[in-house]
Amino acid sequence: MIRTSETMYKYLRPDKTFPHVWCPGCGIGIVMGALVRAIEKTGFTKDEIVLVSGIGCSGRMSTYLDFNTLHTTHGRALSFATGIKLANPELNIIVVMGDGDATAIGGNHLIHSCRRNIDLTALIVNNNIYGMTGGQYSPTTPMEHKASTAQYGSIEKPFDICKLVEACGASFVARSTTYHAKMLDAMLSRAIDKKGFSVVEAMSQCPVQYGRRNKKGSPVDMMMWYKNNSISNPAFKKIPPGEVGEQFPVGILVDIEQPDYLERYSKIVKKAGGDKL
Amino acid sequence: MPTRPSQGDVMQSRWGTHGPHPIIVLSPQSVLECYTLTIHAFNLAEKYRSPVIMLMDGLVGHMWENVQLPEKIEVIDRPEPSVPPDWYNPYDNLPGGEIVPLVPFGEGYRYHVTGMVHDKSGFPTLVHEEVEQCLDKLIYKIKNNLHDIIRIEDYMLEDADICIVAHGSVARSAREAVNIARNEGLKVGLLRPITLWPFPRFHLENISKRVKMFVVPEMNYGQVYGEVLKSCPKRAVRVTRVDGELVTPAQIMEKIEGAAL
């Protein structure tokens, strides 16, 4: 018998929000499971966590989980989260976005949140497509891959989310996949504990909108593809440029200490004669 | 036209987002009002759980002038919830349309907020009865409180035959036009909507019973003019200017003098 004391059920909302919107074989449920286990590990209570999400398949995560939850407009999750953090720096804010949400519509918010190094945790679920809205190509759809708006294959160079946020100044950057669920747990709990802006990219299969169009096989095949093509960052660095192919690095890619936005902001408040944020 | 004044966004501020929804829009005419109405905007937002837009034309936004700040400022703090967390639902329908205060995140009152149309528990819904209920609630919380939300200013309207309707920086020219007209013996007055939306149509209806016509100067092709026509069947003329220059008192006077009463 499944008991509500089991980790996952402790954090799910038992209301009418179920059944969920995710398709059979979708990876977002695995990512949500990892997030819940990571939060459980950090020991924060439900009241201390704010879960902010954007629009799209991954944006629905905030609906199902029993925290302070905010389901914002498309691309603006980081802006809402920044406002909440400034209003109450004590809160631990986790921002769940999809690849379209984070790097297209909200692309500017993402790069400036990195630059500010504001103490938020961004979980970017990257399924390489706009799933919910009908399989349009996103900034992370690989070149020559098909989408409903790229019938003959995308001609745009995709973003490498981790490289992008690293270049913009994020304090913690990590990548994992739905195949590496345990690694995802560990990275998320590290990211939540990390002071400063942290980004975890969770590669997640979309068998319906992305996989089907690009002949990627079953959800299991797609997860096996993650297994076969992911390598640790040190090993990845040893591959000579030009021989990389489809391989990508997983693991913690950046972990640096630097003053975060609120630390600098409270110094300014003091300088201006105030005593608190 | 960057940096040049215009009032082309009257309708944009009202209808610039998806769906049927209410909005409160305030239009200041001076530097002092930019200050006092910003505070008022926050008060309204707290009271009605609604976004409030401060709609400034380029002139008001860029202006410098001396101000005397008011000694007392009314600040409406968000009310505390009257029930414990287990009983709390920010989307409750309270009798009399009372608005449930939104408790800040982190105080033990966990709930869900969405930008989508939602049901009584705050989660997105596509059930048509629930959709209608949600939208009705948003509309009626503003509609039922028009007397509290709408602010207007009138100037020499008591005995006026002609009523100028002007907001923002144009209202300053309009006020001067009223002074000039009065010197010439013309009975002219000014109605200035401080709250642009919801539009003060009941005020206009009342005034229309006393005056013979309306003159509506604005820095667009007649967005407020259209609302004046909608509000009452009286004759109305517009004074429009869209070239980035201000509407002058002389321009308004021209229309007033040209109007055969």
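Residues numbered from 1 in each chain as written. Chains lettered and ligands numbered in written order. Predicted model: local features only at pLDDT ≥ 70, side-chain atom pairs only at ≥ 80, totals over all residues.

Caption draft 1: Geometry of the overall build of chain A. Counting secondary structure elements, chain A contains 12 helices and 8 strands. A compact globule built from 277 residues would reach a C-alpha radius of gyration of about 19 Å, and chain A, at 19 Å, matches this within 12%. Here chain A, with 277 residues, has 47% of them falling under the buried criterion. Considering only intrachain contacts with a sequence separation of at least 6, the fraction spanning at least 24 residues in chain A is 66%. (Helix = DSSP H or I, 4+ residues; strand = E, 2+ residues; numbered from the N terminus. Rg over C-alpha atoms; globule rule 2.2 N^0.38 Å. Buried ≥ 20, exposed ≤ 12 C-beta atoms within 10 Å, placed from the backbone. Contact = placed C-beta atoms within 7 Å.)

Caption draft 2: Highlighting the overall build of chain B. Looking only at helices and strands, chain B features 9 helices and 9 strands. Based on the C-alpha atoms only, the size of chain B along its principal axes is roughly 70 × 40 × 35 Å. In chain B, which comprises 261 residues, the proportion classed as buried is 30%. Within chain B, contacts between residues separated by at least 24 positions form 68% of all contacts whose residues are at least 6 apart in sequence.

Caption draft 3: Spatial organisation of the nonpolar core. Counting 68 residues, the largest nonpolar core has A:V95, A:L123 and A:L188 as the members making the most contacts within it. Per-element tally for this core: the top contributor is helix α2 (residues 28-42) of chain A, with 9 residues. Excluding its chain neighbours within four sequence positions, the residues that come into contact with A:V95 are A:V52, A:A77, A:L78, A:A81, A:L120, A:T121, A:A122 and A:L123. One finds B:I24, B:V25, B:V52 and B:I194 within the second-largest nonpolar core, a separate group that totals 47 residues. (Core = buried A, V, L, I, M, F, W, Y, C linked by C-beta atoms within 7 Å.)

Caption draft 4: Seen up close, the interface of chain A and chain B. Listed per partner, the contact involves 20 residues of chain A and 11 residues of chain B. Each residue belonging to the side of chain A that touches chain B can be placed in one class, and the counts come to 5 nonpolar, 9 polar and 6 charged. Summarising the sheet, strand β2 (residues 68-71) of chain A and strand β3 (residues 112-114) of chain B pair through 3 bridges and their orientation is parallel. Looking at the pairing, A:H71 lines up with B:T114 of β3(B). (Nonpolar A, V, L, I, M, F, W, Y, C, P; charged D, E, K, R; others polar. Pairing = 2+ DSSP bridges.)

Caption draft 5: Geometry of the sheet that holds strand β7 (residues 230-232) of chain A. Strand order in the open sheet formed by 9 strands is β7(A)-β8(A)-β5(A)-β6(A)-β4(A)-β3(A)-β1(A)-β2(A)-β3(B), and the pairing between neighbours is mixed. Each end of this open sheet is capped by a strand with a single partner; those strands are β7 of chain A together with β3 of chain B. Strand-to-strand twist across the sheet, computed as the mean angle between neighbouring axes with direction ignored, equals 20°. Alignment of strand β5 (residues 172-177) of chain A against strand β8 (residues 248-255) of chain A, held across 4 bridges, turns out to be antiparallel. (Axes fitted to C-alpha atoms, helices over the stretch in contact; angles between N-to-C directions.)

Caption draft 6: Region of interest: the packing of α2(A) against helix α8 (residues 181-193) of chain A. Residue and element names in this part refer to chain A. Close contact between α2 and α8 brings their axes to 8 Å; oriented N to C, the two are set at 50°. Here α2 lies oblique to α8, going by the angle between them. Of the two elements, α2 crosses α8, and the hand of that crossing is right-handed. In this structure, α2 contributes I30, V31, G33, A34, L35, R37, A38, I39, K41 and T42 to the contact, and α8 contributes A181, L184, D185, L188, S189, I192 and D193. Looking at the contact of α2 with α8 residue by residue, the class counts come to 10 nonpolar, 3 polar and 4 charged. (Parallel < 35°, antiparallel > 145°, perpendicular 65-115°, else oblique. Left-handed = near helix turned anticlockwise from the far one by under 90°.)

Caption draft 7: Region of the structure containing the domain arrangement of chain B. Domain annotation for chain B reports domain 1 (85-147) and domain 2 (152-258). Relative to domain 2 of chain B, the C-alpha centre of domain 1 of chain B lies at a distance of 38 Å. (Domains from an automatic or database assignment.)

Caption draft 8: Structural view of the sheet that holds strand β8 (residues 213-218) of chain B. All names here are of chain B. Pairing within the open sheet is mixed, and its 5 strands lie in the order β4-β6-β5-β8-β9. Whereas interior strands pair on both sides, the edge strands pair on one side only; in this sheet they are β4 (152-155) and β9 (235-240). Each strand axis lies, on average, 20° off the axis of its neighbour in the sheet, ignoring direction. Alignment of β4 against strand β6 (residues 188-193), held across 4 bridges, turns out to be antiparallel. Looking at β6, one finds that D154 is bridged to L191.

Caption draft 9: Molecular detail of the environment of A:I105. Residue and element names in this part refer to chain A. Mapped onto the elements, I105 comes out in helix α5 (residues 99-105). What makes I105 buried here is the crowd of 22 C-beta atoms within 10 Å. Each C-alpha atom of the pair I105 and L164 lies 15 Å from the other, and the pair is 59 residues apart in sequence. The contacts of I105, once residues within four sequence positions are left out, are H74, G75 and G100.

Caption draft 10: Main features of helix α6 (residues 107-116) of chain A. All names here are of chain A. Listed as buried for α6 are H109, L110, S113 and C114. Taken around the axis of α6, the buried residues stretch over an arc of 135°, which confines them to a single face. Next to the buried residues of α6 lie α4 (77-87), α5 and α7 (161-168). Following α6 by one or two positions, N117 has its phi on the positive side, about 55°. (Arc of directions from axis to C-beta.)

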